[in-house]
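# Architecture at a glance
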Amino acid sequence: MVRLHYCESLFLGSRLLVEPATVVDIGSGPGFPGIPVAILRPDLKVTLLESNARKCVFLREASRNLPNVRIINARSEACKEHFNWAIARAVAIPEVVKSGLAPNFALLISKADVLPGWEVVDLPWGSNRVVSVSRETVSRET
């Protein structure tokens, strides 16, 4: 549990830009990777985007003492904001990239989901990987 949820989230957070940025965690669910990233990186403004209202209630309670976190109860297609980075795990990658929410992505995905040209960083303890990609490297066909 520690490796799968916390360590992977923290590893992903360490891959984001050093300067202050806005980040959206698409499909936040129980708050991974968004909440650990917000704790690791208080310089980031982290938005947890979750379509399930019940999960949003939990996210509000779990992030109550994190001033750099806010929750939006909506699907990614309905969100009209723009962010510097989009992060996600267990979400359909084409939907994340097509969402238009951010020009840069840091995703926790499996080997089967990696597309050509994406920067891949293997995690030292498992099969999941961190993938960093900017919109400029993703062709329309991809």
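Residues numbered from 1 in each chain as written. Predicted model: local features only at pLDDT ≥ 70, side-chain atom pairs only at ≥ 80, totals over all residues. Heavy atoms only, no water.

Turning to the overall build of the protein, a few remarks are in order. Across its full length, the protein carries 4 helices and 7 strands. Starting at the N terminus and ending at the C terminus, the protein contains elements arranged as α-β-α-β-α-β-β-α-β-β-β. Expressed as a percentage of its 142 residues, the buried residues of the protein come to 46%. Taking the intrachain contacts of the protein between residues at least 6 apart in sequence as the baseline, contacts between residues at least 24 apart amount to 50%. Accessible surface computed for the protein: about 7700 Å², of which carbon and sulfur atoms make up 56%. (Helix = DSSP H or I, 4+ residues; strand = E, 2+ residues; numbered from the N terminus. Buried < 20%, exposed > 50% of the residue type's maximum accessible area, 1.4 Å probe, protein only. Contact = heavy atoms within 4.5 Å. Areas by Shrake-Rupley, 256 points an atom, 1.4 Å probe, with all protein chains shown as cover.)

Let us now look at the nonpolar core. Nonpolar side chains tend toward joint burial in soluble globular proteins. Within the largest apolar cluster, 20 residues are counted, with the highest numbers of intra-cluster contacts made by Leu16, Val23, Leu44, Val46, Leu48, Val69 and Ile87. Broken down by secondary-structure element, the contributors of at least two residues to this core are α2 (34-40), β2 (45-50), α3 (53-62), β3 (69-73), β4 (85-89) and β5 (104-109). For this core, the element with the highest residue contribution is α2, accounting for 3 residues. Setting aside residues up to four positions removed in sequence, Val23 forms contacts with Leu16, Leu44, Lys45, Val46, Thr47, Phe83, Trp85 and Ile87. (Core = buried A, V, L, I, M, F, W, Y, C linked by side-chain atoms within 4.5 Å.)

The step from Phe32 to Pro33 runs through a cis peptide bond, and the omega angle for that step is 5°. Here Pro33 lies in the loop between β1 (22-26) and α2.

What follows concerns the pattern of salt bridges. Counting across every chain of the model gives 5 salt bridges. In this structure, Arg41 and Asp43 form a salt bridge, with 2.9 Å as the shortest nitrogen-oxygen distance. With its nearest N and O atoms 2.2 Å apart, the salt bridge here joins Glu81 to Arg70. Within this pair, whereas Glu81 is found in the loop between β3 and β4, its partner Arg70 is found in strand β3, the two being separated by 11 residues in sequence. Given the relative accessible area of 32%, Glu81 is considered partly exposed. (Salt bridge = Lys/Arg side-chain N within 4 Å of Asp/Glu carboxyl O.)

Moving on to the pairing of β5. Where burial is concerned, most of β5 is hidden: 6 out of the 6 residues are buried. Neither face of β5 is open: one carries Asn104, Ala106 and Leu108, the other Phe105, Leu107 and Ile109, and all of them are buried. Both β4 and β5 contribute to a ladder of 5 bridges, which runs parallel. Counterpart to Ala86 in the pairing with β5 is Phe105. (Pairing = 2+ DSSP bridges.)

Here the focus is the side chain of Asp25. Topologically, Asp25 is positioned in strand β1. Of note is the side chain of Asp25, whose polar atom sits 2.9 Å from the backbone nitrogen of Gly34. Discounting residues that sit within four places of it in the chain, Asp25 has contacts with Gly31, Phe32, Pro33, Gly34, Thr47, Leu48, Leu49, Ile87 and Ala88. (Polar contact = N/O pair within 3.5 Å; in protein donor to acceptor, adjacent residues only side chain to side chain.)

Take the packing of aromatic side chains next. This structure, assessed with the given rule, holds 1 aromatic pair. Consider the rings of Tyr6 and Phe32, whose centres lie 5.1 Å apart with planes at 85°: the pair is edge-to-face. One end of the pair, Tyr6, is in helix α1 (residues 2-14); the other, Phe32, is in the loop between β1 and α2, and 26 residues separate them in sequence. Given the relative accessible area of 40%, Tyr6 is considered partly exposed. (Phe/Tyr/Trp six-rings, centres within 6.5 Å; stacked < 30°, edge-to-face > 60°.)

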